[in-house]
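Descriptive structure summary
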Amino acid sequence: MNTHFTVKQLRAFVAVAKTRSFTEACEQVHLSQPALSIAIKNLEESLGGKLLVRTTRALRLTPEGEGFYKTALRLLTDWDDAFEEIQGRFSLYRGKISISCMPSFAGNQLPAILLKFREKHPDINIAVQDVIAEDVVEIVRSGRVEIGISFDPGEAEDLHFQTLFEDDFVAALPSDHILAKEREIPWSRIIEEEIIALQRPSSMRLQIERTLKKQHLQLNVSYEAHQLATVGRMVSSELGIGLVPALCDIQMRELGLVCRPLVAPVISRKVGVITRKRAALSAAAQGIVNELMLSVESDLD
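Quick look at the structure, then. Since the structure is predicted, the reported quantities are computational estimates derived from the model, not experimental observations. (Residues numbered from 1 in each chain as written. Predicted model: local features only at pLDDT ≥ 70, side-chain atom pairs only at ≥ 80, totals over all residues. Heavy atoms only, no water.)

With that settled, the discussion passes to the packing of helix 2 (residues 22–29) against helix 3 (residues 33–47). Closest axis-to-axis distance for the helix 2/helix 3 pair is 9 Å, and the angle between their directions is 95°. Comparing their axes, helix 3 and helix 2 come out roughly perpendicular. Residue-level contacts link Phe 22, Thr 23, Ala 25, Cys 26 and Val 29 of helix 2 to Gln 33, Leu 36 and Ser 37 of helix 3. Counted by class, the contact of helix 2 with helix 3 contains five nonpolar, three polar and no charged residues. (Axes fitted to C-alpha atoms, helices over the stretch in contact; angles between N-to-C directions. Helix = DSSP H or I, 4+ residues; strand = E, 2+ residues; numbered from the N terminus. Parallel < 35°, antiparallel > 145°, perpendicular 65-115°, else oblique. Contact = heavy atoms within 4.5 Å. Nonpolar A, V, L, I, M, F, W, Y, C, P; charged D, E, K, R; others polar.)

Now the structure itself:
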């Protein structure tokens, strides 16, 4: 006994069972009567018995046909739902995407980008995991999310990095601080100030220290914090000058602070999208990446 049957055969059987008429069923499934009869016959052969009894006066279901009718309806409903679901995902009509993102980007640039994406694709659900930059890389690598937004992780065989922009380090200052009057501040001007920085082993902190060491400069770090938001609040309490990426400018201004570029030398890092090299992105994830790239192009214009 051949146990395989097709969706076409199921639709033919359901149409006949509903209408109790081969003529009406042919119209519903767009088949000729001979083709419909063959579809029903092949289905019965696959199942191993008669589903329909047809006489010159009437057409009725066998007891087995009555039982299988409910199963056929359920199978077709599941098929149609699954087909609609996958079509929806490919067309970005529906779906869900999780993003891992460092807080400095998640709390500043990301909301406006997600709003634009949501306007185009209102039925895509988005979950944002805002974690420190170093954790973004590991979460993407583990496959828990499809895309991450963070600093360039460097050479990695299993990861792909797509640059969005380069971000310079700036000084976050109380608005009435004497250095707030300057358009830009040399690192040599702040090394003796009370400095608030991210605690080690932050990659940002390490990059600053390595670069300044080459210039024979050393920071006077008085306070350390784990999150940039905490650094900002400590600055607003006038505990010192904060060292933060420029992409935190909005967040710092909301705290009443001002940010000034740090120069001589300019220290910067690439910010971009991190994905796994050997994993294809879903349509929803690719849509988010496209929106991120569009936002960068818009800023450049």
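Secondary-structure assignment places Glu 157 in the loop between strand 5 (147–151) and strand 6 (159–174). The sequence separation of Glu 157 and Arg 276 amounts to 119 residues, and the corresponding C-alpha distance is 9.3 Å. Apart from the residues within four sequence positions on either side, Glu 157 is in contact with Lys 277 and Arg 278.

As a further point, take the packing of helix 1 (residues 7–19) against helix 2. A pair of packed helices is captured by two measures, namely the crossing angle of their axes and the spacing between those axes. Contact geometry of helix 1 with helix 2 gives a least axis separation of 8 Å together with a crossing angle of 135°. Our classification of the angle between helix 1 and helix 2 gives oblique. Here helix 1 runs over helix 2; the crossing is right-handed. Contacts between helix 1 and helix 2 involve Arg 11, Ala 12, Ala 15, Val 16 and Thr 19 on the former and, on the latter, Phe 22, Glu 24, Ala 25, Gln 28 and Val 29. (Left-handed = near helix turned anticlockwise from the far one by under 90°.)

Within the span of helix 2, buried status applies to Phe 22, Ala 25 and Cys 26. Buried residues of helix 2 fall within an arc of 105° about the axis and therefore sit on the same side. In this structure, helix 2 carries Thr 23 and Glu 27 as exposed residues pointing more than 90 degrees from its buried face. Against the buried residues of helix 2 lie helix 1, helix 3, strand 1 (52–54) and strand 2 (59–61). (Buried < 20%, exposed > 50% of the residue type's maximum accessible area, 1.4 Å probe, protein only. Arc of directions from axis to C-beta.)

Mapped onto the elements, Asn 108 comes out in the loop between helix 5 (103–106) and helix 6 (110–120). At 2.5 Å, the side chain of Asn 108 forms a polar contact with the backbone oxygen of Ser 104. Excluding residues that lie within four positions of it along the chain, Asn 108 makes contacts with Pro 103, Leu 247, Cys 248, Ile 250 and Gln 251. (Polar contact = N/O pair within 3.5 Å; in protein donor to acceptor, adjacent residues only side chain to side chain.)

Before going further, it helps to spend a moment on the pattern of salt bridges. Applying the stated criterion across every chain, the model contains nine salt bridges. Arg 205 is the salt-bridge partner of Glu 224, the closest N and O atoms lying 2.7 Å from each other. Of this pair, Glu 224 sits in strand 9 (residues 221–225) while Arg 205 is found in helix 9 (residues 203–214), placing the two residues 19 residues apart along the sequence. Arg 205 sits in the buried class, given a relative accessible area of 5%. Three or more residues joined by partner-sharing salt bridges are found here, namely Arg 200, Arg 205, Glu 209 and Glu 224. (Salt bridge = Lys/Arg side-chain N within 4 Å of Asp/Glu carboxyl O.)

For the rest of this paragraph, the subject is the packing of aromatic side chains. According to the stated counting rule, one finds three aromatic pairs in the structure shown. Relative to Phe 68, the ring of Phe 13 lies with its centre 5.6 Å away and its plane at 45°, an arrangement referred to as tilted. Taken together, the positions of Phe 13 in helix 1 and Phe 68 in helix 4 (residues 63–90) put the pair 55 residues apart, joining distant regions of the chain. Each member of the pair Phe 13 and Phe 68 is classed as buried. An aromatic cluster is present here, built from Phe 13, Phe 68 and Tyr 69 joined pairwise through their rings. (Phe/Tyr/Trp six-rings, centres within 6.5 Å; stacked < 30°, edge-to-face > 60°.)

The subject of this paragraph is the side chain of His 177. The topology assignment puts His 177 in the loop between strand 6 and strand 7 (185–186). Polar side-chain contacts of His 177 include one of 3.0 Å to the backbone nitrogen of Leu 179. Excluding residues within four positions of it along the chain, His 177 makes contact with Glu 193 and Ile 241.

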